[in-house]
Amino acid sequence: MNPSGHSWRCTPLHDVHAALGASFTGFAGWSMPIRYSSEIAEHKAVRSTAGLFDLCHMGELELTGREAGAALDFALVGRPSKIGVGRARYSMICAEDGGILDDLVVYRLAEERFLVVANAANVLVVRDALNERASGFDAAVRDASDDWALIAVQGPASAEIVSQLTDLDVSALRYYAIDEAVLAGATVLLARTGYTGEDGFEVYCRPEDAAAVWAALTEAGEQHGLVPAGLACRDTLRLEAGMPLYGQELGRDVTPFEAGLDRVVAFDKDGGFVGEAALAARRVAGARRTLVGLVSAGRRSPRAGYPVLDPSTGAQIGRVTSGAPSPTLGRPIAMAYVPVGRDEPGTRLAVDIRGAAEDVEVVALPFYRRNR
Amino acid sequence: MSVPAQLKFTAEHEWLDIEGDRATVGITAFAAEALGDVVYVDLPAVGSSVAAGEACGEIESTKSVSELYAPADGDVVEVNQAVVDDPGLLNLDPFGAGWLFRMRVTNSPALLDAAAYESLTGGE
């Protein structure tokens, strides 16, 4: 299962993972740890204590300049110019037709400096789109992906672990905030963000510091039950948390409205934005299909691509985008696009699981919400 | 990852422990490792006939679903209820407690020996 023989890129932590006995998988051009031991154990550790993730494959784009905020307002569906310094927002970049090119987290590092974090598979698309869209503004776009390593600590014990390693007052760092910090001797950007449904931190550091930061977090986390965690559990964690994944729930053929993410689109921007006309038309017309959660009482899981059926006629009415046995809930869960009108919680539907129709029920997302 | 020398193997990562016309069947540690945590095992019914190379069950992990292929022609004489009840046995002990079913073999295709199987899986 070692994806050698392909020209996969390795993160600065590859040797660390190999020494930990990780299994690797090819993901968006990168060789990434899929699990170290058991992905269910890793999943449960993130829910109960903490997990340590290598996210160095993610792309980082920096926008700087007097009109960097205005350029992002034009390029993205949200309004990054209103983000306070040291804060972050979840956003999207859409095509002229309203289709989603990527979902993003935008950090405002300074008045005239933004960090846009893109999915590994979409970095070049986002970079090119930002370059084109920012060309009329006093703003510079730079692909800084090679300058940043990214390590995430996620789980209820993560604040205690991180606070052992830095002088920054971690308790004062709010959710979706970011600040510069010295962590284990390295100068880093410490963000209270994540993709697991738990409290957690994302540490942006220099690639040459990544191994030392990883080692320090491992050591500090030992007494708190922190374990290294791979992409397999990252996927089931985000699925339980109802978080969409680009390529599954999100894509060029989906608008933010269908994905239930109307809130990320700001229509009242002075200079307009790319995709505005198509998205405004879609808002008026209303989505024809919408993203829902499905649960099954059976043992077999709906999986990405499986048809959603009308249980009385057997006709296909939708499509599963992600599905897995939920380690937390102990039963299969899935997300799917279904027609508006069949999306109310409690609606009975079926999924064609490899030729057999399995009963499922529509439930409100997320499947899992942490106690705050 | 070394495999037990007395077993025979298929290219689909099943193992067979053959005694006379009876064979105990499971999946290899290599396959179990590739699947990840197994959460559901669907086995052929006792008494059903199976044909070499044809799907006779499913193994589902958190990440994926794989079909279980019959390694030979014959009839299923016993299934491992313990692995149905606790699919994690497949990960813990794929060559032992994680066995899947026993069959009476009526016809067996050419199978791999341990050395051939290990070279197939790149010696991992």
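Just so we're clear, the structure is a prediction, and the values are computed from it rather than from any experiment. (Residues numbered from 1 in each chain as written. Chains lettered and ligands numbered in written order. Predicted model: local features only at pLDDT ≥ 70, side-chain atom pairs only at ≥ 80, totals over all residues. Heavy atoms only, no water.)

Draft legend 1. Here's a closer look at the overall build of chain B. In terms of helices and strands, chain B carries four helices and nine strands. Along the chain direction, N to C, the helices and strands of chain B fall in the order β-β-β-α-β-β-β-β-β-α-α-β-α. In terms of overall dimensions, chain B is globule-like: its C-alpha atoms have a radius of gyration of 13 Å, near the 14 Å expected for 124 residues. With the C-alpha coordinates of chain B rotated into their principal frame, the extents come out at 35 × 30 × 20 Å. Within chain B, residue pairs in contact and separated by at least 24 positions form 61% of the contacts whose partners lie at least 6 positions apart. (Helix = DSSP H or I, 4+ residues; strand = E, 2+ residues; numbered from the N terminus. Rg over C-alpha atoms; globule rule 2.2 N^0.38 Å. Contact = heavy atoms within 4.5 Å.)

Draft legend 2. Structural detail: unusual backbone geometry. Note the cis peptide between Leu365 of chain A and Pro366 of chain A, where omega equals 0°. Looking at where Pro366 of chain A falls in the secondary structure, it is placed in the segment after β20 (356-363). Of note in this structure, Ala28 of chain A is not a glycine but carries a positive phi near 50°. For His13 of chain B, which is not a glycine, the phi torsion comes out positive at approximately 70°. Structurally, His13 of chain B can be placed in the loop between β1 (8-9) and β2 (14-19).

Draft legend 3. View of the interface of chain A and chain B. Taken together, the contact pairs 19 residues of chain A with 18 residues of chain B. Buried area between chain A and chain B, summed over both chains or domains, comes out near 1,600 Å², and the portion from carbon and sulfur atoms is 47%. Summed over the shared surface of chain A and chain B, the number is five salt bridges. For Glu60 of chain B, the salt bridge identified is with Arg303 of chain A, shortest N-O distance 2.8 Å. Joining chain A to chain B, the criterion identifies 13 residue pairs in polar contact (both at pLDDT 80 or more). Elements represented by at least two residues in the side of chain A that touches chain B include exactly β3 (30-35), α2 (39-48), α7 (231-240) and β17 (316-325) of chain A. The element best represented in the side of chain A that touches chain B is α2 of chain A, accounting for three residues. Of the residues that constitute the side of chain A that touches chain B, the class distribution is eight nonpolar, four polar and seven charged. (Buried area = accessible area lost by both parts, 1.4 Å probe. Salt bridge = Lys/Arg side-chain N within 4 Å of Asp/Glu carboxyl O. Polar contact = N/O pair within 3.5 Å; in protein donor to acceptor, adjacent residues only side chain to side chain. Nonpolar A, V, L, I, M, F, W, Y, C, P; charged D, E, K, R; others polar.)

Draft legend 4. Quick look at the domain arrangement of chain A. All names here are of chain A. Domain annotation of chain A identifies domain 1 (9-56 + 148-240), domain 2 (59-146) and domain 3 (288-363). Placing the centre of domain 1 and that of domain 2 at their C-alpha centroids yields a distance of 24 Å. Each partner contributes residues to the interface: domain 1 has 16 residues there, and domain 2 has 19 residues. Taking both partners together, domain 1 and domain 2 bury about 1,300 Å²; carbon and sulfur atoms supply 54% of that area. On the domain 1 side of the contact with domain 2, Trp148, Tyr176 and Ile178 bury the most area, a combined 51% of that side's loss. On the surface where domain 1 and domain 2 come into contact, there are one salt bridge. A salt bridge links Asp146 to Arg9, with the nearest nitrogen and oxygen atoms 3.3 Å apart. Counting residues per element, the ones that place at least two in the side of domain 1 that touches domain 2 are β12 (186-191) and β13 (200-205). (Domains from an automatic or database assignment.)

Draft legend 5. Just helix α4 (residues 123-133) of chain A, in detail. Residues and elements named next belong to chain A. Every buried residue of α4 is listed here: Val123, Val126, Ala129, Leu130 and Arg133. End-on, the buried residues of α4 take up no more than an arc of 140°, which puts them together on one face. Those residues of α4 that are exposed and aimed more than 90 degrees away from the buried face are Leu124 and Glu132. On the buried face of α4, the contacting elements are β5 (59-64), α3 (68-75), β6 (88-94), β7 (100-110), β8 (113-118) and β9 (140-143). (Buried < 20%, exposed > 50% of the residue type's maximum accessible area, 1.4 Å probe, protein only. Arc of directions from axis to C-beta.)

Draft legend 6. Representation of the pattern of salt bridges in the model. A full pass over the atoms with the stated rule returns 30 salt bridges over all chains. Its salt-bridge partner being Arg252 of chain A, residue Asp97 of chain A comes within 3.3 Å of it at the nearest N-O pair. Within this pair, whereas Asp97 of chain A is found in the loop between β6 and β7, its partner Arg252 of chain A is found in the loop between α7 and α8 (276-285), the two being separated by 155 residues in sequence. For Asp21 of chain B, the salt bridge goes to Arg22 of chain B, with nearest N and O atoms at 3.6 Å.

Draft legend 7. Here's a closer look at the state of the cysteines. Per the counting criterion, the structure on display carries zero disulfides over all chains. For Cys56 of chain A, which is in no disulfide, the shortest distance to another cysteine sulfur is to Cys205 of chain A and amounts to 6.7 Å. (Disulfide = S-S within 2.5 Å.)

Draft legend 8. Representation of the nonpolar core in the model. All names here are of chain A. Judged by nonpolar contacts, the single largest core of 46 residues is most densely connected at Tyr107 and Tyr204. Listed by contribution, the elements that provide at least two residues to this core are β6, β7, β8, β10 (149-154), β12, α7, β15 (289-295) and β18 (332-339). Not counting residues within four places of it along the chain, the set of residues in contact with Tyr204 comprises Glu60, Tyr107, Leu115, Val117, Trp148, Ala149, Leu150, Val188, Leu189 and Ala191. Listed in part, the 34 residues of the second largest apolar core include Tyr36, Val162, Val170 and Val188. (Core = buried A, V, L, I, M, F, W, Y, C linked by side-chain atoms within 4.5 Å.)

Draft legend 9. The arrangement of the sheet that holds strand β19 (residues 348-353) of chain A in detail. All names here are of chain A. Taken in spatial order, the six strands close into a barrel running β15-β18-β17-β16-β19-β20, and their pairing is antiparallel. Here the strands of the sheet are splayed against their neighbours by 45° on average, with no regard to which way each runs. Two strands pair when backbone bridges link them, and strand β16 (residues 307-309) and β17 are joined in this way by three bridges, in the antiparallel orientation. Following the sheet pairing, Leu309 is matched in β17 by Gln316. Of the strands in this sheet, β17 and β18 are in contact with α7, which crosses β17 at around 125°. (Pairing = 2+ DSSP bridges. Axes fitted to C-alpha atoms, helices over the stretch in contact; angles between N-to-C directions.)

Draft legend 10. The sheet that holds strand β6 (residues 55-61) of chain B, seen in detail. Residues and elements named next belong to chain B. Here we have three strands laid out as an open sheet, ordered β4-β6-β7, and antiparallel in their pairing. The open sheet has two edge strands, β4 (38-42) and β7 (65-69), and neither has a second partner. Each adjacent strand pair in this sheet contributes to an overall mean axis angle of 25°, direction not counted.

Draft legend 11. Region of the structure containing the side chain of Asp54 of chain A. Residue and element names in this part refer to chain A. By the element assignment, Asp54 lies in strand β4 (residues 50-54). In terms of polar contacts, Asp54 uses its side chain to reach the side chain of His17, at 2.8 Å. Here the side chain of Asp54 touches Cys56 through a polar contact of 2.8 Å, landing on its backbone nitrogen. Every residue in contact with Asp54, bar those within four places of it in the chain, is listed here: Thr11, Leu13, His17, Met32, Leu150 and Trp214.

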